[in-house]
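Secondary and tertiary structure notes
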Amino acid sequence: MPSVSEQSGQPTVRRAALAFIFITVLLDVLAIGIIIPVLPHLIERFTGSTASAAIWVGVFGSAFALAQFIASPVQGALSDRFGRRPVILVSNLGLGLDFVLMAVAGTLPILFLGRVLAGITSASISTANAYIADVTPAERRAASFGMLGAAFGIGFVVGPALGGVLGGVDLRLPFWVAAGLALANFLYGLLILPESLPPERRDGFRWSRANPVGSLQMLRRYPQVFGLVGVVLLSQIAHYALPSVFVLYAAHRYGWGEDRVGWVLALVGVCNVLVQALLIRRLVPRIGERNALLLGLGFGALGFAWMGLAAVGSVFLMAIPFMALWGLAGPSAQALMTRQVDEREQGRLQGAVTSAVSLSGVFAPVVFTQVFAASIAALSGVDWSGLAFLLAAVLLLGGVALAARVTRTAATIPIPPSGESPLEERASARRA
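Because the structure is a prediction, the values reported are computed rather than measured. (Residues numbered from 1 in each chain as written. Predicted model: local features only at pLDDT ≥ 70, side-chain atom pairs only at ≥ 80, totals over all residues. Heavy atoms only, no water.)

For the protein chain, the count of helices and strands is 20 helices and zero strands. Put simply, the protein chain shows about 17,100 Å² of open surface, and 69% of that area lies on carbon and sulfur atoms. (Helix = DSSP H or I, 4+ residues; strand = E, 2+ residues; numbered from the N terminus. Areas by Shrake-Rupley, 256 points an atom, 1.4 Å probe, with all protein chains shown as cover.)

Okay, here's the thing in structure tokens:
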């Protein structure tokens, strides 16, 4: 199927659409980033101890991921049926109202409810990936996904730094600012964001496909996609080491407060922006999506191992550039997957991928926070507090091995004109 730009014959249409979705994701991530330095400490205020807060941070993360696991396939299928724009708009509106709820939460259960609602409404990221697939030719998708990653990076440059400063004034102030940004994003999309999926390319909505089990069955139709989702799953599990324990880890091992954590996360964001916006579009065409995927996962493993072994804060900071190179992996994996799936199923693909990786968030935060809690409770003379990061490094090394295996064949397996997967096409030929 031709992209929007190919249909119109005007490359400026594609560039304008990418600019719109870039701004939408940027504002969304900025709103999320603002609360990162303060949410664990707000939970700590309710629980009364760091160890209890670490466990509850894991529970919050698991609940958020479980809500995404259930809701993402529905949102992906809805975007294939009704278009990407309305799903993004509803997501941003729901997220803004949810931040208001968390800002006024007076008890831990109300704050917990806010995180569950955030998991349900946060569809804009997966739908944005489908939007990119709609408007970008296959050979340029890695660079476009990289620009989407750059929006993440910029959001996490400004967001955590601003959240740290605002949190120093009042722990609830970042939630109000996040609510304002999310609602402004809704108004921006309502007035400016164009639709990327024309009516003739939309697919029907069926509940049999709009559920986690149905979406995972859809992935099995595409063997290489199914394997790549496994790689993304391992990568996502490892990723949870950072949001789950970093704030409490940095305070415990290095004595960093909210402001210092905010600036460190801002540095992480700067490095990610440089990789996503500048390096990917230059490096991936030269070395290929497969090599970029393997290289990114390898650097991520190195960065996590470095962080887990760093005895002082200055050594920890030296690992950040290596962690940023992990950013090569995500856009490359996305580009490889979108090549395999029919244009009418891109929303379902992104919903299925989001659902699968959200499943990791059901248990990964609990695992990492439990590992961290156990490591700081150890009575030996050795500092084991970095054990959670070392576990993440091992998971990424497993991702390297799996990625090397599933991408050993040709980088792309063409989709037959019938829309069947390669396995289905061969089965049909045998039956004939």
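Anyway, onward from the coordinates.
Moving on to a nonpolar patch on the surface. Together, Leu267, Val270, Leu274, Leu278 and Leu317 make up an exposed nonpolar region whose accessible area comes to about 370 Å². Examining the composition of the nonpolar patch, we find that four residues originate from one element, helix H13 (residues 258–287), more than from any other. Within the secondary structure, Leu278 sits in helix H13. (Patch = residues over 30% accessible without salt bridge, like charges linked within 9 Å, V, L, I, M, F, W, Y side chains within 5 Å. Salt bridge = Lys/Arg side-chain N within 4 Å of Asp/Glu carboxyl O.)

The relative placement of two aromatic rings is captured by the distance of their centres and the angle of their planes. Applying the stated criterion to the full structure yields 15 aromatic pairs. Put simply, the rings of Phe246, Tyr249, Tyr254, Trp256, Phe304, Phe316, Trp326, Phe372 and Phe389 touch in pairs and so form one group of aromatic residues. Across the ring face of Phe82, the terminal group of Arg81 is positioned such that the distance to the ring centre comes to 4.8 Å. (Phe/Tyr/Trp six-rings, centres within 6.5 Å; stacked < 30°, edge-to-face > 60°. Lys NZ or Arg CZ within 6 Å of the ring centre and 35° of its normal.)

Moving on: the packing of helix H4 (residues 50–82) against helix H5 (residues 84–104). At a minimum axis distance of 7 Å, the contact between H4 and H5 shows a crossing angle of 135°. Judged by the inter-axis angle, H4 sits oblique to H5. In contact with Gln75, Leu78, Ser79, Asp80 and Phe82 of H4, H5 contributes Arg84, Pro86 and Val87. Residue composition of the contact of H4 with H5, grouped by class: four nonpolar, two polar and two charged. (Axes fitted to C-alpha atoms, helices over the stretch in contact; angles between N-to-C directions. Parallel < 35°, antiparallel > 145°, perpendicular 65-115°, else oblique. Contact = heavy atoms within 4.5 Å. Nonpolar A, V, L, I, M, F, W, Y, C, P; charged D, E, K, R; others polar.)

Right, let's get into the nonpolar core. In globular proteins that are soluble, nonpolar side chains generally tend to be buried together. Counting 65 residues, the largest nonpolar core has Leu293, Phe304, Phe316 and Phe368 as the members making the most contacts within it. Leave out the neighbours within four places in its chain, and Phe316 touches Phe246, Tyr249, Tyr254, Trp256, Val264, Met307, Ala310 and Phe389. Of all hydrophobic cores here, the second largest spans 26 residues; its members include Ala31, Val57, Leu95 and Ala118. (Core = buried A, V, L, I, M, F, W, Y, C linked by side-chain atoms within 4.5 Å. Buried < 20%, exposed > 50% of the residue type's maximum accessible area, 1.4 Å probe, protein only.)

Our next topic: the environment of Ala103. Structurally, the position occupied by Ala103 is in helix H5. The sequence separation of Ala103 and Leu171 amounts to 68 residues, and the corresponding C-alpha distance is 9.0 Å. Ala103 has contacts with Arg172, Phe175 and Trp176, leaving out every residue within four places of it along the chain.

What follows is about helix H17 (residues 329–338). For H17, the buried fraction is high: nine of the ten residues fall into the buried class. Those residues of H17 lying buried are Ala329, Pro331, Ser332, Ala333, Gln334, Ala335, Leu336, Met337 and Thr338.

Of all residues in the protein chain, 83% attain a pLDDT of 70 or more, and the chain-wide mean is 78. pLDDT under 50 marks residues 1–13. Its contacts with residues more than four places away, or in other chains, come to 24 contacts. The model gives residues 410–432 a pLDDT under 50, and that stretch makes 29 contacts with residues more than four places away or in other chains. (pLDDT = per-residue confidence, 0-100.)

Within the secondary structure, Leu265 sits in helix H13. Judged by its relative accessible area of 17%, Leu265 falls in the buried class.

Take the packing of helix H11 (residues 223–239) against H17 next. Closest axis-to-axis distance for the H11/H17 pair is 10 Å, and the angle between their directions is 160°. Relative to H17, H11 is oriented roughly antiparallel. In this structure, the crossing between H11 and H17 has a hand that is left-handed. Here Val225, Leu228, Val229 and Val232 of H11 lie close against H17, whose contacting residues are Ala333, Leu336 and Met337. (Left-handed = near helix turned anticlockwise from the far one by under 90°.)

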